[in-house]
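Understanding the architecture of this molecule
Residues per chain, in single letters:
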Amino acid sequence: MQEPKASQRDQFVSKVGFILAATGSAVGLGNIWRFPFLAGKNGGGVFVLFYLVCVVVLGFGLMLAEFIIGRHTQLSSVDAFKELDKRFTFVGVMGVLAAFIIMGYYPVVGGWSVAYVFKIILGEFSTDAVIMGEIFDSLTKGVGSPIFWTAVYMIVNIVIVAKGISTGIENASKVMLPMLFGLLIILVIRSLTLPNAMEGLKYLFVPDFSKISGEVMMAALGQAFFSLSLGMGCMITYASYLGKNENLVENATVVPILDTLVALLAGVVIIPATVSFGFDLDSGPGLVFVTVPAIFATMGPVIGRIFGVIFFSMVVLAALTSSISLLEVVVSYLIDNRNWGRKRAVVITSIILFAICIASSLSMGIWSKYTVKGMNIFSLLDWIANNILLPLGGIFITLFVGWFWDRDKVKAEVTNNGTVKFSLFNVWIFLCRFVIPIIIALVLLRGIGII
């Protein structure tokens with residue numbers, strides 16, 4: 001029997017609770033793992049500049065659009081579009097598919113994070129780049145070990161989502177995010193005291209415009225979507241738990257700011273340390289799993305181990321707040337549209353996702369020879385989600401709000417029927433109608449090789 005929707009739409013207890021929960025959904029591996037290595041790979045400062053532009057223009061604009069859709073309908077992504085305009089139901093379906101695909105590789109990295117908690121406890125960290133690289137390669141290219149840790153990570157997701165997540169995520173985020181910010185600040189201070197740290201800061205924040213390229217812009221846009229959990233219905237679902245008196249404009253401003261701050265702090269921790277220890281800035285996701293433990297190693301065997309365990313525990317928890325919301329997008333669809341019970345939806349979905357995660361993990365090692373256009377399974381899933389599905393979702397969501405939804409109803413929802421001032425409403429509508437869709441479309445075409 002289908003569970004009543006009221007049980008799925010428990011409202012957030014407080015404004016702070018929603019902001020932290022939404023930020024928790026956004027903050028995760030996209031900030032701590034993906035942002036630093038993409039910044040290192042794509043020219044540092046020029047990537048950061050384009051990323052900030054994407055967050056200001058695209059991030060705020062699209063997040064506000066998703067917020068108003070979710071709160072207005074009080075429904076998850078697919079049903080929200082089905083109620084507003086059945087012609088756009090495919091946008092919600094596409095969001096569910098994006099969340100599903102991301103969950104086909106995201107838990108693999110989450111599993112690495114869990115593994116590193118125990119590796120640090122056992123003292124498996126060193127300032128030697130070669131040793132740290134060997135430890136990371138041994139984990140990622142192995143067979144049994146990475147799959148085991150992926151399973152552990154998935155089980156935690158299953159347990160939490162099977163019980164429902166609104167209250168759990170809100171309460172957990174109130175604890176996890178302040179702790180994560182505090183730990184990042186401590187690590188920033190430590191990183192900035194390393195030799196040649198200023199060179200790393202210059203690389204990160206001083207743009208070298210000779211490095212501008214379509215690939216850099218595409219990477220920045222993809223990261224903005226990936227990091228902010230946009231284009232896949234996560235924010236529509238979370239906003240559906242909001243009361244009608246919440247200030248959506250303020251929330252759509254605060255969440256991207258907090259999310260971006262975490263990304264920048266992670267970059268300040270990792271990039272200067274990378275330069276100081278002589279690591280390769282283009283070393284991919286290994287930056288966070290190789291460089292960060294090396295920072296801890298400089299603190300001494302006891303203090304370094306303590307901070308290492310806490311940091312990677314926070315990485316795990318931050319990742320969980322994101323992956324839980326992604327899993328919930330898929331599970332909610334099955335509950336609302338297939339009449340599945342929550343536990344059945346969670347278990348069956350998770351079994352399928354775990355099988356895909358196994359393939360993603362093995363593609364880093366013994367299956368690495370199986371590629372599509374030079375990409376292994378892990379990279380291919382990441383490419384499809386971030387270069388195709390998320391941009392397409394962003395395009396159609398903003399087009400719907402800008403062109404197809406009644407303008408007066410949009411304004412009424414954004415301003416809480418005139419009680420909230422939003423002087424930039426016309427500018428925002430213009431962005432939704434023209435600027436955001438055109439920019440995303442150009443980058444989308446670039447990403448699939450048409451231009």
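Throughout what follows, the structure given in this document is the object of discussion. (Residues numbered from 1 in each chain as written. Predicted model: local features only at pLDDT ≥ 70, side-chain atom pairs only at ≥ 80, totals over all residues. Heavy atoms only, no water.)

**Examining the packing of helix H2 (residues 29-41) against helix H13 (residues 248-277)**
Packed helices, taken two at a time, are described by the angle their axes make and the gap between the axes. Running from amino to carboxyl end, H2 crosses H13 at an angle of 60 degrees, the nearest separation of the two axes being 8 Å. The orientation of H2 with respect to H13, classified from their angle, is oblique. In this structure, H2 crosses over H13, and the sense of that crossing is right-handed. Two secondary-structure elements touch here, H2 through Asn-31, Ile-32, Phe-35, Pro-36 and Gly-40 and H13 through Asp-259, Val-262, Ala-263, Leu-264, Ala-266, Gly-267, Ile-270 and Ile-271. Of the residues in the contact of H2 with H13, the class split is 9 nonpolar, 3 polar and 1 charged. (Axes fitted to C-alpha atoms, helices over the stretch in contact; angles between N-to-C directions. Helix = DSSP H or I, 4+ residues; strand = E, 2+ residues; numbered from the N terminus. Parallel < 35°, antiparallel > 145°, perpendicular 65-115°, else oblique. Left-handed = near helix turned anticlockwise from the far one by under 90°. Contact = heavy atoms within 4.5 Å. Nonpolar A, V, L, I, M, F, W, Y, C, P; charged D, E, K, R; others polar.)

**A few points about the packing of helix H3 (residues 45-73) against helix H4 (residues 77-84)**
Packing of H3 against H4 brings their axes to within 10 Å, and their N-to-C directions diverge by 80 degrees. In this view, H3 runs roughly perpendicular relative to H4, as classed from their interaxial angle. For the pair formed by H3 and H4, the contact residues are Ile-69, His-72 and Thr-73 on the first element and Ala-80, Phe-81, Glu-83 and Leu-84 on the second. The residue makeup of the contact of H3 with H4, split by class, is 4 nonpolar, 2 polar and 1 charged.

**With respect to helix H6 (residues 106-121)**
Three- or four-residue spacings in an α-helix give side chains the same orientation, since the helix completes a turn every 3.6 residues. Taking 1.5 Å per residue as the helical rise, H6 with its 16 residues ought to reach 22 Å, and the 24 Å between its terminal C-alpha atoms agrees with that figure. In terms of residue burial, H6 counts as a mostly covered element, since 14 of its 16 residues are buried. The positive-phi residue at the C-terminal boundary of H6 is Gly-123, with phi of around 80 degrees. (Expected span 1.5 Å × (residues − 1). Buried < 20%, exposed > 50% of the residue type's maximum accessible area, 1.4 Å probe, protein only.)

**Brief notes about the side chain of Thr-321**
With respect to the secondary-structure elements, Thr-321 resides in helix H15 (residues 303-338). Among the residues examined, Thr-321 registers a relative accessible area of 5% and is labelled buried. Within the structure, Thr-321 has its side chain in polar contact with the backbone oxygen of Gly-24 (distance 2.4 Å). (Polar contact = N/O pair within 3.5 Å; in protein donor to acceptor, adjacent residues only side chain to side chain.)

**Considerations on unusual backbone geometry**
One non-glycine residue, Asn-339, adopts positive backbone phi at about 60 degrees. Looking at the secondary structure, you find Asn-339 in the loop between H15 and helix H16 (342-362). Its relative accessible area of 44% is what places Asn-339 among the partly exposed residues. Residue Lys-373 is not a glycine yet carries a positive backbone phi of 55 degrees. On the secondary structure map, Lys-373 appears in the loop between H16 and helix H17 (377-404). When its relative accessible area of 81% is taken as the criterion, Lys-373 is described as exposed.

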